[in-house]
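Residue-level listing of the chains:
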Amino acid sequence: MGAATETFYSVIRRQGITRRCFHKFCSLTATSLGLGPLAASRIANALETKPRVPVIWMHGLECTCCSESFIRSAHPLVKDAVLSMISLDYDDTIMAAAGHQAEAILEETRAKHKGQYILAVEGNPPLNEGGMFCIDGGKPFVEKLKMMAEDAMAIIAWGACASWGCVQAAKPNPTQATPIDKVITNKPIIKVPGCPPIAEVMTGVVTFITTFGKLPELDRQGRPKMFYSQRIHDKCYRRPHFDAGQFVEEWDDEAARKGYCLYKMGCKGPTTYNACSTVRWNGGVSFPIQSGHGCIGCSEDGFWDKGSFYDRLTNIKQFGIEKNADQIGMVAAGAVGAAVAVHAAVTAVKRLATKREDADHNS
């Protein structure tokens with residue numbers, strides 16, 4: 001946990017990294033973020049000149065799966081993000097200090113880097129009974145959260161817990177577990193939902209802030225558009241089977257062995273916004289659908305309260321393009337026939353109305 005006044009470049013040069021490797025790192029980082037060809041040079045300039053950003057990482061009600069995901073990032077490696085790109089001044093899960101020493105770091109960072117540090121929050125605060133369901137350092141977590149958020153530059157809400165509430169906020173929510181943005185309302189908050197979020201999405205958000213000194217563009221729910229602008233369904237490699245009406249009907253049936261669409265098995269990909277089908281997991285190796293299990297929609301608000309993970313979505317329209325010519329012809333003929341019948345009926349009604357008007361006029 002080095003001094004925040006050092007730059008990323010000075011740190012890696014001291015570690016023996018060559019300038020050639022540094023520029024290669026910048027190019028890979030720009031590519032992983034989906035940025036344009038000029039972004040690599042901008043990233044290099046920022047990492048050479050800007051001091052490392054101080055980060056305070058706090059934990060509320062959660063299972064630490066976000067931290068587990070974060071430390072498995074491959075692009076960039078988490079060691080580069082934690083030891084070189086940022087100054088991770090406090091994270092009670094991985095830091096050596098404990099007790100009063102750890103608490104002193106919070107106060108020191110708050111005073112020394114007022115308005116300059118990022119507050120990363122994993123988990124959420126329970127509000128019931130004065131916040132007594134989550135005690136951190138002898139105080140309710142909600143109190144420490146508000147204290148550290150007061151002087152933070154921005155807040156990152158890691159995972160579904162911090163973003164939406166997740167399982168601890170599921171009905172009946174006895175502890176009144178509450179998302180971060182419902183407690184902190186006067187600071188910019190970046191939501192990075194998922195249970196957990198993808199490792200490279202987490203380090204990508206950190207890299208963007210470190211490089212450009214600003215928050216990434218967010219959607220109307222506060223999520224970074226670079227990772228949450230498309231549904232998993234949009235880029236899923238099984239999408240052609242969905243369009244063709246080819247579905248798995250039972251686990252391990254012939255359709256499952258052929259890799260057909262998992263929509264009928266409850267896959268929530270058509271309504272879930274995340275980068276799983278593009279960035280993927282474990283260094284880009286796979287993601288749940290590729291492993292044979294449908295998406296459970298873990299990056300969406302309230303996914304624990306939306307029924308079974310295996311309930312089929314009922315409001316998704318299919319194309320069914322695997323119809324043969326005879327079937328399509330019959331449907332088309334039926335549609336044309338119905339249209340002709342409606343037209344004939346309307347014409348007959350108009351003629352009858354015209355005859356009545358003429359009869360009334362003659363009389």
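Everything discussed here concerns the structure shown above.
Nothing here was measured: the structure is a model prediction, and the numbers come from that model.

1. Overview of the nonpolar core
Counting 53 residues, the largest nonpolar core has F22, I156, W158, V192 and I289 as the members making the most contacts within it. No fewer than three residues from each of domain 1 (51–228) and domain 2 (233–312) sit in this core. Ignoring anything within four residues of it in the chain, the contact list for W158 reads W57, C66, A120, V121, E122, G123, V192, M202 and V206. Judged by nonpolar contacts, the second largest core, of 28 residues, contains Y117, L119, A149 and A177.

2. A few points about unusual backbone geometry
Peptide bonds are, in most cases, trans, and in most cases residues other than glycine have a negative phi. With an omega of 5°, the peptide bond between K171 and P172 qualifies as cis. That bond from C195 to P196 is cis: its omega, 0°, falls within 30 degrees of zero. The phi dihedral of T64 falls on the positive side, at around 70°, and the residue is not glycine. Tracing the backbone through its elements, the reader meets T64 in the loop between β1 (53–59) and α4 (65–70). For T64, a relative accessible area of 23% corresponds to the partly exposed category. The backbone of C166 sits at a positive phi, close to 55°, despite the residue not being glycine. Mapped onto the secondary structure, C166 falls in the loop between α8 (159–163) and α9 (180–183).

What counts as what
Residues numbered from 1 in each chain as written. Predicted model: local features only at pLDDT ≥ 70, side-chain atom pairs only at ≥ 80, totals over all residues. Heavy atoms only, no water. Core = buried A, V, L, I, M, F, W, Y, C linked by side-chain atoms within 4.5 Å. Buried < 20%, exposed > 50% of the residue type's maximum accessible area, 1.4 Å probe, protein only. Domains from an automatic or database assignment. Contact = heavy atoms within 4.5 Å. Helix = DSSP H or I, 4+ residues; strand = E, 2+ residues; numbered from the N terminus.

Treat this as a map of the structure, not an account of what it does.
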